[in-house]
2 protein chains.
Amino acid sequence: MTELNHDLPDTDSYNPAASSLAGHVDPAVMAELLSIRSSIDNIDATLVYLLAERFKATQKVGFLKAAHRLPAGDPGRETAQIARLRRLAEDAQLDPAFAEKFLNFIIGEVIRHHEAIAEDHNAAGGTSNGTASPTAPLTA
Amino acid sequence: MTELNHDLPDTDSYNPAASSLAGHVDPAVMAELLSIRSSIDNIDATLVYLLAERFKATQKVGFLKAAHRLPAGDPGRETAQIARLRRLAEDAQLDPAFAEKFLNFIIGEVIRHHEAIAEDHNAAGGTSNGTASPTAPLTA
């Protein structure tokens, strides 16, 4: 399902028609499939850039918390966030349970990175220069 | 920044200032924290609506595949998707490993729902009326 093909000679090229179904499907059906997939690809690119922006924001929160020695987690905030996302999901006709699972996935990732960053901060004598890796988000 | 209304009694209200830190933090620091969180909340709402749209698209793919008895998974497609998202993540300064993990999370969710829908389709004699639950996405 999710194995990367490390043998691809040109890693920069993307083939939107890449499919194990190619040649085995009626061309009209394949055309419809590719049309929908084109929208999915656009949505996925948007999701990636949006997630990058979210992690930039949580990283700011992380530095703020580290600078003022505030606890990384905020249960009161997380409870409110989850309840809100579930309501938004219902409005969007998205499974609220999935929305909650999604937020927990993000928060889990954030917390996983947090420990390492907190250690970096302490190792630097408790000062933050705000230049940590952009791939190291913190809980918000 | 963010309007607060602690007096709203109904459970639909969202308090953007909900925090276990309330009252324990310097007001200026709290104000900065809430300002960043306000952006995170906007991003999260966008993510929810975007994910809802993505699942609408994968559901279309699911019905198309069911109608033409095509396999649910498409390893060739998934390999290309992951490689592309990793490149986009690098461009967005998001951890590529996280982007891959994120796509796997989404695909995993999609596949989890797929089995149930395929069963529904078969139980209906192989016909699809396109009215399945919006909360039941399929792999794309």
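Residues numbered from 1 in each chain as written. Chains lettered and ligands numbered in written order. Predicted model: local features only at pLDDT ≥ 70, side-chain atom pairs only at ≥ 80, totals over all residues. Heavy atoms only, no water.

Peer 1: In this structure, what is going on with the packing of helix 1 (residues 27–67) of chain A against helix 1 (residues 27–67) of chain B? I would like to understand it.
Peer 2: Where helix 1 of chain A contacts helix 1 of chain B, the two axes come as close as 9 Å, and the packing angle between them is 165 degrees. The angle between helix 1 of chain A and helix 1 of chain B falls in the class roughly antiparallel. Handedness of the crossing formed by helix 1 of chain A with helix 1 of chain B: left-handed. Among the residues forming the contact of helix 1 of chain A with helix 1 of chain B, the class breakdown is 22 nonpolar, 4 polar and 14 charged. (Axes fitted to C-alpha atoms, helices over the stretch in contact; angles between N-to-C directions. Helix = DSSP H or I, 4+ residues; strand = E, 2+ residues; numbered from the N terminus. Parallel < 35°, antiparallel > 145°, perpendicular 65-115°, else oblique. Left-handed = near helix turned anticlockwise from the far one by under 90°. Nonpolar A, V, L, I, M, F, W, Y, C, P; charged D, E, K, R; others polar.)

Peer 1: I keep staring at the interface of chain A and chain B and nothing clicks. Help me out?
Peer 2: Interfaces are often sized by the accessible area lost when the parts come together. Contact with chain A, which involves 73 residues of that partner, is made by 77 residues of chain B. Taking both sides of the interface into account, the surface hidden between chain A and chain B amounts to around 7,100 Å²; carbon and sulfur atoms contribute 72%. Our count for the contact surface shared by chain A and chain B stands at 8 salt bridges. In this structure, Asp41(B) engages Arg77(A) in a salt bridge whose closest nitrogen and oxygen atoms are separated by 3.2 Å. At the boundary of chain A and chain B, one finds 22 residue pairs in polar contact (both at pLDDT 80 or more). Ranked by residue count, the leading element in the side of chain A that touches chain B is helix 1 of chain A, at 26 residues. Partitioned by chemical class, the residues of the side of chain A that touches chain B number 39 nonpolar, 15 polar and 19 charged. (Contact = heavy atoms within 4.5 Å. Buried area = accessible area lost by both parts, 1.4 Å probe. Salt bridge = Lys/Arg side-chain N within 4 Å of Asp/Glu carboxyl O. Polar contact = N/O pair within 3.5 Å; in protein donor to acceptor, adjacent residues only side chain to side chain.)

Peer 1: What should I look at first to understand helix 1 of chain B in this one?
Peer 2: A turn of α-helix holds 3.6 residues, and therefore any two residues three or four places apart point the same way. All names here are of chain B. End to end, helix 1 covers 59 Å across 41 residues, agreeing with the expected 60 Å (1.5 Å per residue, within 8%). Taking the backbone nitrogen of Ala 28 as reference, a side-chain oxygen 2.9 Å away marks Asp 26 as the first, capping residue of helix 1. Looking one or two residues past helix 1, Arg 69 carries a phi angle of roughly 50 degrees, positive in sign. (Expected span 1.5 Å × (residues − 1).)

Peer 1: Whenever I open this one, the packing of aromatic side chains confuses me. Can you help?
Peer 2: Each aromatic ring pair is characterised by the separation of its centres together with the angle its planes make. Within the structure shown, the criterion is met by 8 aromatic pairs over all chains. With 5.8 Å between their ring centres and 25 degrees between their planes, Phe98(A) and Phe105(B) make a pair best called stacked. In this pair, Phe98(A) sits in helix 3 (residues 96–123) while Phe105(B) sits in helix 3 (residues 96–123), so the two residues belong to two different chains. On the accessibility criterion, Phe98(A) (3% relative accessible area) is buried. On the basis of relative accessible area, Phe105(B) is assigned to the buried category, the value being 15%. Aromatic rings pair up to connect Phe55(A), Phe98(A), Phe102(A), Phe105(A), Phe55(B), Phe98(B), Phe102(B) and Phe105(B) into one cluster. Here the guanidinium or amino end of Arg84(A) rests over the ring plane of Tyr14(B), the centre of that ring lying 5.1 Å away. (Phe/Tyr/Trp six-rings, centres within 6.5 Å; stacked < 30°, edge-to-face > 60°. Buried < 20%, exposed > 50% of the residue type's maximum accessible area, 1.4 Å probe, protein only. Lys NZ or Arg CZ within 6 Å of the ring centre and 35° of its normal.)

Peer 1: Sorry if this is basic, but what is going on with the pattern of salt bridges here?
Peer 2: It is possible for side chains bearing opposite charge to pair when their charged atoms get close. All names here are of chain B. For the structure shown, the criterion picks out 12 salt bridges over all chains. In this structure, Glu 100 engages Arg 86 in a salt bridge whose closest nitrogen and oxygen atoms are separated by 2.6 Å. Residue Glu 100 is found in helix 3, and its partner Arg 86 is found in helix 2 (residues 75–92); the two are separated by 14 residues along the sequence.

Peer 1: Honestly, the packing of helix 2 (residues 75–92) of chain A against helix 1 of chain B in this entry has me stumped. Any pointers?
Peer 2: The packing of two helices is summarised by the inter-axis angle and the distance between the axes. The N-to-C vectors of helix 2 of chain A and helix 1 of chain B enclose an angle of 35 degrees; their axes lie 9 Å apart at closest approach. Along this stretch, helix 2 of chain A crosses helix 1 of chain B, giving a crossing that reads as right-handed. The segment helix 2 of chain A lies against helix 1 of chain B, with Arg77(A), Gln81(A), Arg84(A), Leu85(A), Leu88(A), Ala89(A), Asp91(A) and Ala92(A) engaging Arg37(B), Ile40(B), Asp41(B), Asp44(B), Ala45(B), Val48(B), Tyr49(B) and Ala52(B).

Peer 1: Help me understand the relation of the copies chain A and chain B, please; the structure alone is not making it clear to me.
Peer 2: Once chain A has been moved 0.0 Å along the axis and rotated by 180 degrees, it coincides with chain B to within an RMSD of 0.1 Å. In short, the pair behaves as if placed about a two-fold rotation axis. Using C-alpha coordinates, one finds that chain A approaches the rotation axis most closely at Leu47(A), a distance of 3.5 Å. With an isologous cut-off of 70% or more, the 93% of interface residues of chain A that recur at the interface of chain B puts this contact in the isologous class. (Least-squares fit on C-alpha atoms with pLDDT ≥ 70 in both.)

Peer 1: Would you mind showing me how to read the nonpolar core here?
Peer 2: What tends to happen in soluble globular proteins is that the nonpolar side chains get buried as a cluster. In terms of nonpolar packing, the biggest core is built from 44 residues, with Leu94(A), Phe102(A), Leu94(B) and Phe102(B) touching the most fellow members. For this core, the elements supplying multiple residues, two or more each, are helix 1, helix 2 and helix 3 of chain A together with helix 1, helix 2 and helix 3 of chain B. With 13 residues, the next largest nonpolar core counts Val61(A), Leu70(A), Val25(B) and Leu33(B) among its residues. (Core = buried A, V, L, I, M, F, W, Y, C linked by side-chain atoms within 4.5 Å.)

Peer 1: Help me out: how do you make sense of the environment of Leu70(A) in this one?
Peer 2: Within the secondary structure, Leu70(A) is located in the loop between helix 1 and helix 2. Exposure remark for Leu70(A): the relative accessible area of 17% places this residue in the buried category. C-alpha separation for the pair Leu70(A) and Leu88(A), spaced 18 residues apart in sequence, amounts to 29 Å. Those residues in contact with Leu70(A), other than ones at most four positions away along the chain, are Lys65(A), Leu21(B), Val25(B) and Val29(B).

Limitation: the analysis is restricted to geometry and does not speak to function.
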